[in-house]
Amino acid sequence: MAIQATAQRDFSFLRIAITLQTLTIFLQAVSAGLLLTSSYGETLHSAGARVMYGASMLYVLAAVLAWKPGGGSPRPVWHASGFLALASVQVVLGIAHVPSAHLPLGVLMFGLSVLALARSPKRR
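Since the structure is predicted, the reported quantities are computational estimates derived from the model, not experimental observations.

On to a nonpolar patch on the surface, then. Taken together, the side chains of Leu23, Phe26, Leu27, Val30, Phe110 and Val114 present a nonpolar region at the surface, about 500 Å² in accessible area. Counting residues per element, the ones that place at least two in the nonpolar patch are helix 1 (2-37) and helix 4 (99-119). No other element matches the four residues that helix 1 contributes to the nonpolar patch. Residue class for leucine 23 comes out partly exposed when judged on its relative accessible area of 46%.

Right, dumping it as structure tokens:
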């Protein structure tokens, strides 16, 4: 019974991590718009990139915690790791100022994050 409660708590943490990641990616899109229209947009987008990357790392941690003790599928760990790799590429493209790849990758990441959120285990 205690293992089931721990596993359920880990799945809730996983859902929270994915939700946070999705929200930070959306806020990055908003700050990208501000980047084009205001003087403080670059600062906001740069800070948001760090938060988004941290949220991606949190997603990996949550996926590992949901998988290991509960004995569930390792698939969320692979998804989270792949997402962290995409976030790494996104950061490199942003620093290199390659908007032709940076913007479409951001849209793809948002879509994948929404998909991961929709597929994440729901609280019972």
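Alright, that's what it looks like, and here's the rest.
It is worth spelling out unusual backbone geometry at this point. Here the phi dihedral of histidine 97 falls at roughly 55 degrees; this positive angle occurs in a residue that is not glycine. When its relative accessible area of 64% is taken as the criterion, histidine 97 is described as exposed.

Note that serine 120 resides in the segment after helix 4. Residue classification places serine 120 among the buried residues on the basis of a relative accessible area of 5%. Spatially, the C-alpha atom of serine 120 lies 9.7 Å from that of isoleucine 16, the residues being 104 residues apart in sequence. With sequence-adjacent residues up to four places away left out, serine 120 is seen in contact with Arg15 and Ile18. There is a polar contact of 2.8 Å between the side chain of serine 120 and the backbone oxygen of leucine 117.

A word on the packing of aromatic side chains. Counting across every chain of the model gives one aromatic pair. Aromatic side chains phenylalanine 26 and phenylalanine 110 sit 6.1 Å apart centroid to centroid with 40 degrees between the ring planes, which places their arrangement in the tilted category. In this pair, phenylalanine 26 is assigned in helix 1 and phenylalanine 110 in helix 4, connecting sequence segments 84 residues apart.

Interhelical geometry of helix 2 (residues 41-67) versus helix 3 (residues 75-95) gives an angle of 165 degrees and a closest axis separation of 8 Å. Our classification of the angle between helix 2 and helix 3 gives roughly antiparallel. As helix 2 packs across helix 3, the resulting crossing turns out to be left-handed. In this structure, helix 2 uses Met52, Tyr53, Ser56, Met57, Tyr59, Val60, Ala63, Val64 and Trp67 to contact helix 3, whose residues at the interface are Pro76, Val77, His79, Ala80, Ser81, Phe83, Leu84, Ala87, Ser88 and Val91. Taken together, the residues of the contact of helix 2 with helix 3 sort by class into 15 nonpolar, four polar and no charged.

Another point: the side chain of glutamine 90. Along the chain, glutamine 90 falls in helix 3. If we ignore the near neighbours within four places in the chain, the residues touching glutamine 90 are His102, Leu105, Gly106 and Met109.

The rules behind these values
Residue positions within a chain follow its written sequence, with the count starting from 1. This being a predicted model, a pLDDT of at least 70 is required before a residue's local features are given, and a value of 80 or more before pairs of side-chain atoms are given or counted; all residues contribute to the totals for chains, interfaces and linings. In computing side-chain values, all of the structure's heavy atoms are included and hydrogens and water are not. Patch criteria: residues need more than 30% relative accessible area and no salt bridge. Like-charged residues are merged within 9 Å; nonpolar side chains of Val, Leu, Ile, Met, Phe, Trp and Tyr are merged within 5 Å. Here the Shrake-Rupley method, with its probe set to 1.4 Å, supplies the accessible areas, and only the displayed protein chains count as covering residues. A side-chain nitrogen of Lys or Arg and a carboxyl oxygen of Asp or Glu constitute a salt bridge if their distance falls within 4 Å. Starting at the N terminus, helices and strands are each numbered in turn, a helix being any DSSP run of H or I of at least four residues and a strand any DSSP run of E of at least two. Think of it in three bands: with a 1.4 Å probe and only protein chains considered, a residue is buried below 20% of the maximum accessible area for its type, exposed above 50%, and partly exposed in between. Residue contacts are defined here by distance: any two heavy atoms, one from each residue, within 4.5 Å place the two residues in contact. Whenever two N or O atoms come within 3.5 Å, that pair is a polar contact, provided that in protein one can donate a hydrogen and the other can accept it, and provided that, for residues adjacent in sequence, both atoms are side-chain atoms. Each aromatic pair joins two rings of Phe, Tyr and Trp (for Trp, the six-membered one) with centres within 6.5 Å, and gets the label stacked for planes under 30 degrees apart, edge-to-face for over 60, and tilted for any other angle. Axes, fitted as lines to C-alpha atoms, cover a helix only where it is in contact. Angles between the N-to-C directions of the axes lie from 0 to 180 degrees. Here is the rule for angles: anything less than 35 degrees is roughly parallel, anything more than 145 is roughly antiparallel, 65 through 115 is roughly perpendicular, and the remaining ranges are oblique. Crossing handedness is defined as follows: a turn of the near helix away from the far one that is anticlockwise and smaller than a right angle gives a left-handed crossing, while the clockwise case is right-handed. Any residue that is not Ala, Val, Leu, Ile, Met, Phe, Trp, Tyr, Cys, Pro, Asp, Glu, Lys or Arg is counted as polar, Gly included; the first ten are nonpolar and the last four charged.

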